[in-house]
Amino acid sequence: MSRLLLATAAAFSSIVDFGDLESRRRLDSCTDYQYYNPRDTYTASQMVNYGHYLSRSTFCRSDAYYNDVFTTPIIICSVLTFMLFCFFGGMFGRMFYDSCKCRPPREDKIEFEKEKTLNSTLFYILCFLVLILDQLVFVGNERVNKAIETLDDSSGSAQDSAYAMYVGGGKLISYVSELSTAINNTALTCNSTGSAIELMRSNLSEYSIAAHIYTDAIGPVQDFLGDVDSNVSEYGVFYRQLALYFIWALAIVFAGVLVSIKYVQFRYGMKQVMWFGVIVYMFYVVLCLPWTYTTSAMADFCMSPSYNAVKSIPTRDSLRSIGAYFSTCTGNCTLTTSFDRAQRSVLSLNDTALHLLHEDCPNNTALQQLRVYLDTVSVTLDEVNSDMNCPHLQDLWFRFWNNGVCQQLYSGTFFIWGSQILTSLFLFVLVVCVSVTYQFYGEPDTP
């Protein structure tokens, strides 16, 4: 059941189940998180508002919240189950009580034909409604397809940027040994005060620490984006192929076979198909829980997706602060502070090298080589800064959550959920109708 729930909303599942197993066991509290996103122009759609009415709760990753969200799905599932038990009770009552048999008045041919016509009319109307409402899943499925494309594209682009940033961080680390060698050669060949050499070594140490912090911080981000991208692809395909088409096909087969058997007036076949309809309805009852839960929880999340996404990101490995920065482009995070630290160290190294070249050691080969290395480092820093372009990554963030999850994916989920709930209700009424319909055909005393 939990896998089906994940399949219903791939991206949403990724945010709800952020982190490792231990992180999922101990969910965050519902305390407010200070978050300001001036560039976010998202407004919840009417469908999201309708879904939010199911729980009227503020989204958060806590056991108390998930228990609250389960209330409405349990109530709806209980009502559908109660209806099923009422049907079983009515069919069981036919065995002992004539008043429960609902037999047509065969002794009065006029009344018999009248009731038969009314029953047939109701029968075909219900079959038509089941067939039509079941087709609405394709409207939802089309939107889910668009959502999967949007989510794949935005998460893939973000993953590419993270990989480029990670590669850039590796390059920055690789320059440390070359810079260290150049500084040591400068100390041997340049007759200058020891304070200048010590300052360069101190700046190199700062640069090395900053480069390692930057690279270590971007690694978990890259892994995290890879998990999100794989979840979107895996569960998106699983959802469409199994959870959607299998249930859709059951309702189509049931209604189609019923119409065929009704046409040939096969009493016994109609009774057997009626019980097949009961089994199909039971599938709807079982799946009602994840359908309603997903629709409700996603709506709560999509009332303010950027805020809820950042609040739900785990604090480990600075993931939350990094997510907050790239979703708002304000403030700082581990990546920006370590990048600025590395850049300042390189600028200071360059200034010291230029001073020595102009004052104490003109035309010094070691210093000239150091300047060449520093120019290479500066080019790599510019590349990393370009890969770390916040407006671009923020646009990917909005496309993923605002467009992909909370517009396309949610509207598709809402259509599918609404279609299947309505289909299940009319399917039940059709089963009840069939329990009367088959009595109009065959011998009057046939049970």
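Provided above is the structure to which this section pertains.
Notes on the structure in this doc start here.

Topic: the pattern of salt bridges
Going through the model one piece at a time under the given rule, you end up with four salt bridges. Its salt-bridge partner being arginine 399, residue aspartate 153 comes within 2.0 Å of it at the nearest N-O pair. Placement of the pair is aspartate 153 in helix H7 (residues 109-189) and arginine 399 in helix H14 (residues 390-437), with a sequence separation of 246 residues. Residue aspartate 153 is classed as partly exposed on the basis of its relative accessible area, which comes to 38%. With its nearest N and O atoms 2.9 Å apart, the salt bridge here joins arginine 341 to glutamate 206. Taken together, the residues span a long stretch of sequence, with arginine 341 in helix H12 (residues 334-358) and glutamate 206 in helix H8 (residues 194-264) at a distance of 135 residues.

Topic: H7
The terminal C-alpha atoms of H7 lie 120 Å apart, and with 81 residues this matches the ideal 120 Å at 1.5 Å per residue to within 8%. Where H7 bends most, the angle comes to about 25 degrees, and this point is valine 176.

Regarding the nonpolar core
The biggest cluster of nonpolar side chains holds 126 residues, and the ones touching the most others in it are Tyr207, Phe326, Leu335, Leu370 and Leu430. Counting residues per element, this core draws most heavily on H8, which supplies 22 residues. Not counting the four nearest positions on each side in its chain, leucine 370 is found in contact with Leu179, Ala182, Ile183, Met200 and Ala353.

Observations concerning unusual backbone geometry
For cysteine 329, which is not a glycine, the phi torsion comes out positive at approximately 60 degrees. Relative to the helices and strands, cysteine 329 is located in the loop between helix H11 (319-328) and H12. With relative accessibility at 17%, the residue cysteine 329 sits in the buried group. Its identity as a non-glycine residue notwithstanding, asparagine 363 has a phi of 65 degrees, on the positive side.

Overview of the state of the cysteines
By the definition in use, this model includes two disulfides. For cysteine 329, the disulfide goes to cysteine 390, at an S-S distance of 2.1 Å. Handedness of the cysteine 329-cysteine 390 disulfide follows from its S-S torsion of about -105 degrees: it is left-handed. Taken together, the positions of cysteine 329 in the loop between H11 and H12 and cysteine 390 in helix H14 put the pair 61 residues apart, joining distant regions of the chain. Unpaired in terms of disulfides, cysteine 288 finds its nearest cysteine sulfur in cysteine 77, a separation of 5.2 Å. We note that cysteine 433 lacks a disulfide partner, and the nearest cysteine sulfur, in cysteine 127, lies 7.8 Å from it. On the basis of relative accessibility, which here comes to 6%, the residue cysteine 433 falls in the buried class.

With respect to the packing of aromatic side chains
The geometry of an aromatic ring pair is captured by two quantities: the separation of the ring centres and the angle between the planes. Under the definition given, this model contains 19 aromatic pairs. Seen from their ring centres, tyrosine 284 and tryptophan 291 are 5.9 Å apart, and the 50 degrees between their planes marks the pair as tilted. Each member of the pair, tyrosine 284 as well as tryptophan 291, is classed as buried. Each ring, one from tyrosine 325 and one from phenylalanine 326, has its centre 5.0 Å from the other, and the planes form 75 degrees; the classification is edge-to-face. Of the aromatic side chains, those joined through ring pairs into one cluster are Phe59, Tyr65, Tyr66, Phe301, Trp397, Phe400 and Trp401.

Some words on the packing of helix H6 (residues 71-93) against H14
Packed helix pairs are characterised by how far apart their axes lie and by the angle those axes make with each other. Running from amino to carboxyl end, H6 crosses H14 at an angle of 5 degrees, the nearest separation of the two axes being 11 Å. Here H14 runs roughly parallel to H6, going by the angle between their axes. Where H6 approaches H14, its residues Leu80, Met83, Leu84, Phe87 and Met91 are matched on the opposing element by Ser424, Leu425, Phe428, Val431, Val432 and Ser435. Looking at side-chain class alone, the contact of H6 with H14 contains nine nonpolar, two polar and no charged residues.

What to know about a nonpolar patch on the surface
There is a patch of nonpolar side chains on the surface, built from Phe92, Met95, Phe96 and Tyr97 and spanning about 520 Å² of accessible area. If you trace the backbone, phenylalanine 92 turns up in helix H6.

Considerations on the side chain of serine 154
Looking at the secondary structure, you find serine 154 in helix H7. Using a relative accessible area of 1% as the deciding quantity, one classes serine 154 as buried. A distance of 2.8 Å separates the side chain of serine 154 from the backbone oxygen of threonine 150, its partner in a polar contact. Within polar-contact distance, the side chain of serine 154 engages the backbone oxygen of leucine 151 at 3.3 Å.

A short note on the side chain of serine 57
Relative to the assigned elements, serine 57 resides in the loop between helix H4 (46-52) and helix H5 (63-69). Not counting residues within four places of it along the chain, the set of residues in contact with serine 57 comprises His52, Tyr65, Asp68 and Asp300.

A look at the packing of H7 against helix H13 (residues 365-387)
It is at 9 Å that the axes of H7 and H13 come closest, and there the two elements cross at 165 degrees. Of the possible angle classes, the one that applies to H7 and H13 is roughly antiparallel. Seen from above, H7 lies across H13 with left-handed handedness.

Rules used in this analysis
- Residues numbered from 1 in each chain as written.
- Predicted model: local features only at pLDDT ≥ 70, side-chain atom pairs only at ≥ 80, totals over all residues.
- Heavy atoms only, no water.
- Salt bridge = Lys/Arg side-chain N within 4 Å of Asp/Glu carboxyl O.
- Helix = DSSP H or I, 4+ residues; strand = E, 2+ residues; numbered from the N terminus.
- Buried < 20%, exposed > 50% of the residue type's maximum accessible area, 1.4 Å probe, protein only.
- Expected span 1.5 Å × (residues − 1).
- Bend = angle between axes of the 7 residues up to and from the residue.
- Core = buried A, V, L, I, M, F, W, Y, C linked by side-chain atoms within 4.5 Å.
- Contact = heavy atoms within 4.5 Å.
- Disulfide = S-S within 2.5 Å.
- Phe/Tyr/Trp six-rings, centres within 6.5 Å; stacked < 30°, edge-to-face > 60°.
- Axes fitted to C-alpha atoms, helices over the stretch in contact; angles between N-to-C directions.
- Parallel < 35°, antiparallel > 145°, perpendicular 65-115°, else oblique.
- Nonpolar A, V, L, I, M, F, W, Y, C, P; charged D, E, K, R; others polar.
- Patch = residues over 30% accessible without salt bridge, like charges linked within 9 Å, V, L, I, M, F, W, Y side chains within 5 Å.
- Areas by Shrake-Rupley, 256 points an atom, 1.4 Å probe, with all protein chains shown as cover.
- Polar contact = N/O pair within 3.5 Å; in protein donor to acceptor, adjacent residues only side chain to side chain.
- Left-handed = near helix turned anticlockwise from the far one by under 90°.

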